[in-house]
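Structural characterization, general
The chain contents come next:
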There are 2 protein chains.
Amino acid sequence: MENVVAGVDIGGTNTVFGLVDKAGKVLAEGHLKTTDYPEVSDFVRALGSEIKNLVSDQSNVELAGVGIGAPDANYHRGTIEHAPNLAWKGIVPLADLVKKEVGVPVVVTNDANAAAMGEMIFGGAKNMKNFIVLTLGTGLGSGIVIDGKMVYGHTGFAGEVGHMTVVPGGRVCGCERKGCLEAYASASGLVRTVSELISVMREDSILRDIPPSQLTAKQISEAASKGDPVAVRAMEYTAEKLGFGIVNSIVFSSPEAIFLFGGLAQAGEAIFAPVRKYLQQYNYILFKDTVKILPSGVPESNGAVLGSAALILNELSLG
Amino acid sequence: MENVVAGVDIGGTNTVFGLVDKAGKVLAEGHLKTTDYPEVSDFVRALGSEIKNLVSDQSNVELAGVGIGAPDANYHRGTIEHAPNLAWKGIVPLADLVKKEVGVPVVVTNDANAAAMGEMIFGGAKNMKNFIVLTLGTGLGSGIVIDGKMVYGHTGFAGEVGHMTVVPGGRVCGCERKGCLEAYASASGLVRTVSELISVMREDSILRDIPPSQLTAKQISEAASKGDPVAVRAMEYTAEKLGFGIVNSIVFSSPEAIFLFGGLAQAGEAIFAPVRKYLQQYNYILFKDTVKILPSGVPESNGAVLGSAALILNELSLG
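Treat the numbers as computed from the prediction; the structure is a model and nothing was measured.

Conventions and cut-offs
- Residues numbered from 1 in each chain as written.
- Chains lettered and ligands numbered in written order.
- Predicted model: local features only at pLDDT ≥ 70, side-chain atom pairs only at ≥ 80, totals over all residues.
- Helix = DSSP H or I, 4+ residues; strand = E, 2+ residues; numbered from the N terminus.
- Rg over C-alpha atoms; globule rule 2.2 N^0.38 Å.
- Buried ≥ 20, exposed ≤ 12 C-beta atoms within 10 Å, placed from the backbone.
- Contact = placed C-beta atoms within 7 Å.
- Domains from an automatic or database assignment.
- Nonpolar A, V, L, I, M, F, W, Y, C, P; charged D, E, K, R; others polar.
- Least-squares fit on C-alpha atoms with pLDDT ≥ 70 in both.
- Pairing = 2+ DSSP bridges.
- Right-handed = clockwise from strand over helix to strand, strands pointing away.
- Axes fitted to C-alpha atoms, helices over the stretch in contact; angles between N-to-C directions.
- Parallel < 35°, antiparallel > 145°, perpendicular 65-115°, else oblique.
- Expected span 1.5 Å × (residues − 1).
- Arc of directions from axis to C-beta.
- Left-handed = near helix turned anticlockwise from the far one by under 90°.

Along the backbone of chain A there are eight helices and 13 strands. Radius of gyration (C-alpha) of chain A: 20 Å, near the 20 Å computed for a compact globule of 319 residues. On the principal axes, the C-alpha backbone points of chain A span a range of 65 × 45 × 35 Å. Within chain A, buried positions represent 52% of all 319 residues. Intrachain contacts of chain A at a sequence separation of at least 6 include 65% that bridge at least 24 residues.

Here it is as structure tokens:
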């Protein structure tokens, strides 16, 4: 019998999961629509039964544990707490609930921490002890590894670099505070930047023909790669703010690398080149040329499942 | 024979050192004038001989190791590197030099890391796994402990919170970058803030009678405690900037406490009260009421010696 684990990524709309072996091979995958389960107990029953089915479809494998990445998840307590994007309100003891269903160890953390664990076990950080993963999606998540260990902090919620204040008194963030990094360096922040630049600049831009409510980060990064002046300047502005967040992270923990993951990182050199430029410009002298800015080494397509799987493999010392 | 260690604090002007036992009792102390030794080899010989004399003056003690706190010190490499406030230029292999002189293990780190180690072994962080010490002196130093371990990072220089950018495009810092926390929340930053406020405010203030070049943080905090309006506002302004630095640190590593150490912290409630107020105001909701702002639990008078001693006690697992 070979030990395998299940990696689960719970999103506001969809939940994806897969069986993963110690080498990081995804043996089987499945998904559920998160929004089909307004009651968490129904969700846990469905998830448990799906995972058991995946295991029994394989020959000679045994489930050793389940790793779960979820929004507003607390590693120490195994909970999801007051997640605004999920129907399950209050404090949900998810790890305990799933453990009762599947009968093996279960760990929970937020999706960015899972991404960082995936990077460490299966990706570009295999030989690194100190690195940070920034997930540039609708928001900005972060997973921080120091001295080979994930940073959870006193509360279990550490690694909220997206809520660093980079512009005091700046844009209102989803958290209702002002000037958070996430309000600038994320897909939604990039869209807001284009609106700001359209008001300031006079150059032609195809982005002026798209209603702001329908504008996507992908359209902006495609326009940037074609040289659209508003889009190019929006990427520069985003990279500068991200540069401040990165420099502030570097002076704190002195990582070897910062990995950029998620939708915005898919823009490639349109975002990496200006981020590297601003890092060079703003970095503190002690850390000059000590930090690499890298794309994720985990395939985007099943990165979430691999990250959650890495979390439990690491916990069980199987990775 | 009882094992003791030597704690050494190297400053730009003075070096203080002492013999410390495992319980944190300072058995004997001494000092050297750092500036008397333009050659590091002479300094190391003098320091070694002073330490050996202190040991031989005690009965039944044996030197187990030496911990050194110094500016621009690198823990990984045991070096002092390009310290602008010392006569010893370039990269000085201090740990190796001292080890050759005294024949016992030697560790080196910066003074703020030593202060944090002192807090963990002898001070207010004895039962904490996650905390940060901010040393508010002429500059702003920081020592970060995560999961019970000092954070040195990939380079060995981690913990430079004073060089976090809190005001993009703000005051020029000693490091020549703009808007660093240290340019606001330090003794020198406080003096700069008074000059700024004197230009802006019309209220009477005894601080208007002191030449800016002679103004000290102590005078300002004394004036604040008497209700001087410029001084009170300067403390508020300093606390607000420090609040941003603290909140940015909290979202990163989620500590249980932030200890304020050094001259500016001696102002007591004049600085603690507004720092707590701004923390409450600016803190991210996940971390609300999870972080204590505390004065150091290590006596200021021999805090530097105790911190450096704690560093080597921890290294030798004697603490």
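What follows deals with the domain arrangement of chain A. All names here are of chain A. For chain A, the domain assignment lists domain 1 (2-118 + 301-315) and domain 2 (126-296). Between domain 1 and domain 2, the C-alpha centre-to-centre distance is 27 Å. Facing 12 residues of domain 1, the contacting portion of domain 2 comprises 14 residues. Considering every element that reaches the side of domain 1 that touches domain 2, the biggest residue donor is helix α3 (residues 111-122), with six residues. A breakdown of the residues in the side of domain 1 that touches domain 2 according to their chemical character gives five nonpolar, five polar and two charged.

Here we take up the relation of the copies chain A and chain B. Two chain copies, one operation linking them: a rotation about an axis together with a shift along it. Rotating chain A by 180 degrees and moving it 0.0 Å along the rotation axis overlays it on chain B with an RMSD of 0.0 Å. Those values place the two copies in the arrangement expected of a two-fold rotation axis. Both copies present the same face, since 100% of the interface residues in chain A are matched by interface residues at the equivalent positions in chain B.

All right, on to the interface of chain A and chain B then. Each partner contributes residues to the interface: chain A has 36 residues there, and chain B has 36 residues. Taken together, the elements giving at least two residues each to the side of chain A that touches chain B come down to β10 (140-146) and α6 (229-253) of chain A. Of the residues forming the side of chain A that touches chain B, the biggest block, seven residues, is contributed by α6(A). Its residues assigned to classes, the side of chain A that touches chain B comprises 20 nonpolar, 11 polar and five charged.

Residue and element names in this part refer to chain B. With four of five residues buried, strand β12 (residues 257-261) is to be regarded as a mostly interior element. Where strand β9 (residues 131-136) and β12 come together, five bridges link them in parallel fashion. Residue pairing for β12: leucine 134 is matched across the bridge by leucine 260. Between the parallel pair β12 and strand β13 (residues 292-295), the chain is carried across by helix α7 (residues 269-282), and the sense of this crossover is right-handed.

Residue and element names in this part refer to chain B. Running from N to C, helix α3 (residues 111-122) and helix α8 (residues 303-315) cross one another at 75 degrees; their axes reach a closest spacing of 7 Å. Classed by the angle they form, the pair α3 and α8 counts as roughly perpendicular. Contacts between α3 and α8 involve Asp111, Ala114, Ala115, Met117, Gly118, Met120, Ile121 and Phe122 on the former and, on the latter, Gly303, Ala304, Leu306, Gly307, Ser308, Ala310, Leu311, Leu313 and Asn314. Grouping the constituent residues of the contact of α3 with α8 by class yields 11 nonpolar, five polar and one charged.

Strand pairing in a sheet relies on backbone hydrogen bonds. The paired strands run either parallel or antiparallel. All names here are of chain A. In spatial order, the strands read β11-β10-β9-β12-β13; together these five strands make up an open sheet with mixed pairing. A single partner strand is all that each edge strand has here, and the edge strands are β11 (149-150) and β13 (292-295). Pairing of β10 with β11 involves two bridges; the strand directions are antiparallel. Each residue of the ladder has a partner; that of isoleucine 146, found in β11, is lysine 149.

Our next topic: helix α1 (residues 40-57) of chain A. The terminal C-alpha atoms of α1(A), which comprises 18 residues, lie 26 Å apart, in line with the 26 Å expected from a rise of 1.5 Å per residue. Of the surrounding secondary structure, the elements contacted by the buried residues of α1(A) are β1 (2-10), β2 (14-20), β3 (26-33), β4 (61-69) and α2 (94-102) of chain A.

Let us now look at the pairing of strand β12 (residues 257-261) of chain A. Pairing of β12(A) with β13(A) involves four bridges; the strand directions are parallel. When the bridges of β13(A) are listed, A:Phe259 appears paired with A:Leu294.

This next bit is on the sheet that holds β1(A). All names here are of chain A. The sheet built from five strands is open, its strands ordered β3-β2-β1-β4-β8 with mixed pairing. The open sheet has two edge strands with one neighbour each: β3 and β8 (106-109). Within the sheet, the average angular offset between the axes of one strand and its neighbour, ignoring direction, is 20 degrees. With eight bridges joining them, β1 and β4 adopt parallel strand pairing. Bridging across to β4, alanine 6 finds its partner in valine 66. Each of β4 and β8 is contacted by α2, which is oriented at about 150 degrees to β8, the strand it contacts most. With respect to the sheet, α3 is in contact with β1, β4 and β8, its orientation differing from that of β4 by roughly 130 degrees.

Despite not being glycine, A:Asp72 has its phi angle at roughly 55 degrees, a positive value. Take A:Asp72: it is sitting in the loop between β4 and β5 (73-74). Residue classification places A:Asp72 among the partly exposed residues on the basis of 17 C-beta atoms within 10 Å. A positive phi angle, close to 60 degrees, is found at B:Asn60, a residue other than glycine. Looking at the element boundaries, B:Asn60 is found in the loop between α1 (40-57) and β4 (61-69). C-beta crowding within 10 Å serves as the criterion here: with 7 such atoms nearby, B:Asn60 is assigned to the exposed category.

This brings us to α1(B). All names here are of chain B. Of all the residues in α1, the buried ones are Phe43, Val44, Leu47, Ile51 and Leu54. All buried residues of α1 project into a common sector of 95 degrees when viewed along the axis, lining one side. Counted as exposed and oriented over 90 degrees from the buried face of α1: Ser41, Asp42, Ser49, Asn53, Ser56 and Asp57.

What follows is about the packing of helix α4 (residues 187-200) of chain B against helix α6 (residues 229-253) of chain B. Residue and element names in this part refer to chain B. Their axes nearest at 9 Å, the elements α4 and α6 cross at an angle of 125 degrees. One way to sum up the angle between α4 and α6 is to call them oblique. Considering the relative orientation of α4 and α6, their crossing is right-handed. Here Gly189, Leu190, Thr193, Val194, Leu197 and Ile198 of α4 lie close against α6, whose contacting residues are Val230, Arg233, Ala234, Tyr237 and Thr238. Here the contact of α4 with α6 is composed, by residue class, of seven nonpolar, three polar and one charged.

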